[in-house]
Amino acid sequence: MITKDGSGPHLPTAYEPEPFAKYGTLDVAFEYDSGEQWLAVTVTAATDIPALKQTGNIAWQVHLVLLPTKKQRAKTGVQKGPCPIFTETFKFSRVEQDALGDYAVRFRLYSIRRMKKEKVLGEKVFYLTKLNLQGKIALPVTLEQGSELTGCGSVVSVSRSAGALSYRSTEDSSLPELLLGLLYNSVTGQLSAEVVQGSHFKTPASEKPVNGLFCCVKHFVGGQLYVMRDTYVKLTMLDSKGKEMSKCKTAVCRGQPNPTYKETFLFQVALFQLSEVSLVLSVFCRRSSMRPRERLGCVSLGLNSTSEDQQAHWTEMKEAEGQQVCHWHTLTNT
């Protein structure tokens, strides 16, 4: 981008690329639209990847997440070679200009190996305060040593100003939340729903008697006694009249306040039906065979979305052109 004074794009004085990248470097471009309040991030390529003898992997993928909310996530396709080329652009919505300094984008470079778990090679939390977001700007992002957390549900913390954002962060809330990844393939007519992780799936022991419950674990958290129950997630696809089209459920996760499910389900939905169906996710606590199951909460996306956040996630999925979009959703009792 050429500025009004004829010079090139301004880089902040604090920006100093590292002389040597042990864990890879990403060629990235940022573009911000203050009117529409969206941030576009283009991942062009990965370079400076360590020798294959050290990693034992030849396929790579980049994961992105907008911090601190962690409600908007994206990932590139899998590319092979020592210098993989991605050239993919991802758009993050509802990035308020007044709170721009509170945002950051976390990049993670994953090595992909057949029949094995994906592994984080390098990562970087890039704070948007480092950028002069007037138009488009490209720069290298030098990665640091990655953690062992994997997948869409991995969590890191980032400092932020109180009240700057309308989204609820999982660390700041005691309400149960569910991390859901959606992807729609218009060619095959398949909707992919990945139930990634739950958060705050616990109940104070004083609120619910534990007698008669065998599917629970009791823990002290911050001086408070909590009941950690065995939970699972039920997914139901409904048509415009509320009639059940298909349903499925995850495996039971035992006694975890922040359970990880990492299960993906496919629904056959024609393109013209996307605006006429609803996907309902209900979290249940499994109880004894003599007592009925208890619903912890639910959330609905699509035609009968629970709120604007769920409708926004559904809309982003339709506009993502085959890219997975991940959001956290607060469960309701309705």
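Residues numbered from 1 in each chain as written. Predicted model: local features only at pLDDT ≥ 70, side-chain atom pairs only at ≥ 80, totals over all residues. Heavy atoms only, no water.

A. Fine view of the nonpolar core. Core analysis: the biggest nonpolar cluster contains 31 residues, and Phe30, Leu39, Leu64 and Phe107 have the highest contact counts within it. If you list the elements that add at least two residues to this core, you get strand E1 (25–33), strand E2 (38–47), strand E3 (59–67), strand E6 (85–92), strand E7 (104–112), strand E8 (119–127) and strand E9 (135–142). (Core = buried A, V, L, I, M, F, W, Y, C linked by side-chain atoms within 4.5 Å. Buried < 20%, exposed > 50% of the residue type's maximum accessible area, 1.4 Å probe, protein only. Helix = DSSP H or I, 4+ residues; strand = E, 2+ residues; numbered from the N terminus.)

B. Broad picture of the packing of aromatic side chains. Evaluated as defined, the whole model comprises three aromatic pairs. Taking 6.3 Å as the distance between ring centres and 85° as the angle between the ring planes, the aromatic pair formed by phenylalanine 30 and phenylalanine 107 counts as edge-to-face. One end of the pair, phenylalanine 30, is in strand E1; the other, phenylalanine 107, is in strand E7, and 77 residues separate them in sequence. The class of phenylalanine 30 is buried, set by a relative accessible area of 0%. Overall, phenylalanine 107 belongs to the buried group, its relative accessible area being 0%. Following the ring pairs from residue to residue traces out a cluster consisting of Phe30, Phe107 and Phe126. Against the face of tryptophan 38 rests lysine 91, its NZ or CZ located 4.4 Å from the ring centre. In this arrangement the basic side chain of lysine 249 is found over the ring face of tyrosine 232, its NZ or CZ atom lying 5.3 Å from the centre. (Phe/Tyr/Trp six-rings, centres within 6.5 Å; stacked < 30°, edge-to-face > 60°. Lys NZ or Arg CZ within 6 Å of the ring centre and 35° of its normal.)

C. Main features of the side chain of aspartate 230. Relative to the helices and strands, aspartate 230 is located in the loop between strand E15 (224–229) and strand E16 (231–238). Among the residues examined, aspartate 230 registers a relative accessible area of 6% and is labelled buried. Side chain to side chain, aspartate 230 and arginine 254 meet in a polar contact 3.5 Å long. A distance of 2.8 Å separates a polar side-chain atom of aspartate 230 from the backbone nitrogen of glycine 255. (Polar contact = N/O pair within 3.5 Å; in protein donor to acceptor, adjacent residues only side chain to side chain.)

D. Quick look at helix H2 (residues 308–319). For H2, which comprises twelve residues, the first-to-last C-alpha distance of 16 Å matches the rise-based estimate of 16 Å (1.5 Å per residue) to within 8%. Every buried residue of H2 is listed here: Gln310, Ala312, His313, Trp314, Glu316 and Met317. Buried residues belonging to H2 abut strand E11 (177–185), strand E12 (190–199), strand E19 (278–285), strand E20 (294–302) and strand E21 (325–330). At the C-terminal side of H2, glutamate 321 shows a positive phi close to 55°. (Expected span 1.5 Å × (residues − 1). Contact = heavy atoms within 4.5 Å.)

E. Broad picture of unusual backbone geometry. For the peptide bond that leads from leucine 67 to proline 68, omega is 5°, which places it in the cis range. Following the sequence through the fold, proline 68 ends up in the loop between E3 and strand E4 (73–75). The backbone of glutamine 37 sits at a positive phi, close to 60°, despite the residue not being glycine. Mapped onto the secondary structure, glutamine 37 falls in the loop between E1 and E2. A residue is classified by how much of its surface remains accessible, and glutamine 37, at 31% relative accessible area, is partly exposed. Of note in this structure, arginine 94 is not a glycine but carries a positive phi near 55°. In this fold, arginine 94 is placed in the loop between E6 and E7.

F. Fine view of the environment of glutamate 321. Structurally, glutamate 321 can be placed in the loop between H2 and E21. The exposed category is assigned to glutamate 321, whose relative accessible area is 74%.

G. Inspection of the pairing of E19 at higher detail. By the criterion of burial, E19 is predominantly enclosed, with eight of the eight residues buried. Of the two faces of E19, both are covered, the one formed by Ser278, Val280, Ser282 and Phe284 as well as the one formed by Leu279, Leu281, Val283 and Cys285. Sheet topology places E16 next to E19; eight bridges connect them, and they run antiparallel. For lysine 234, the partnering residue across the bridge sits in E19 and is serine 282. (Pairing = 2+ DSSP bridges.)

H. Spatial organisation of the sheet that holds E16. Spatially, E17-E16-E19-E20 is the arrangement adopted by the four strands of the open sheet, whose pairing is antiparallel. Edge strands, defined here as strands with exactly one partner in the open sheet, are strand E17 (244–249) and E20. Between one strand axis and the next, the sheet turns through 20° on average, direction left out of account. Sheet analysis places E19 next to E20, joined by eight bridges and oriented antiparallel. Counted as the bridge partner of phenylalanine 284 is arginine 295 from E20. (Axes fitted to C-alpha atoms, helices over the stretch in contact; angles between N-to-C directions.)

I. Examining the pairing of E3 more closely. Burial runs high along E3: nine of the nine residues are buried. Pairing geometry for E3 and strand E5 (residues 79–80), over two bridges, is antiparallel. For tryptophan 60, the partnering residue across the bridge sits in E5 and is glutamine 79. Where E3 meets E7, nine bridges bridge the pair, whose relative direction is antiparallel. Within E7, the position partnered with valine 62 by the bridge is leucine 109. Looking at chain direction, E3 and E4 are connected through three bridges and run antiparallel. Paired with histidine 63 across the bridge in E4 is lysine 75. Hairpin connection of E3 to E4: five residues between the antiparallel strands, including lysine 70 at a positive phi of 60°.

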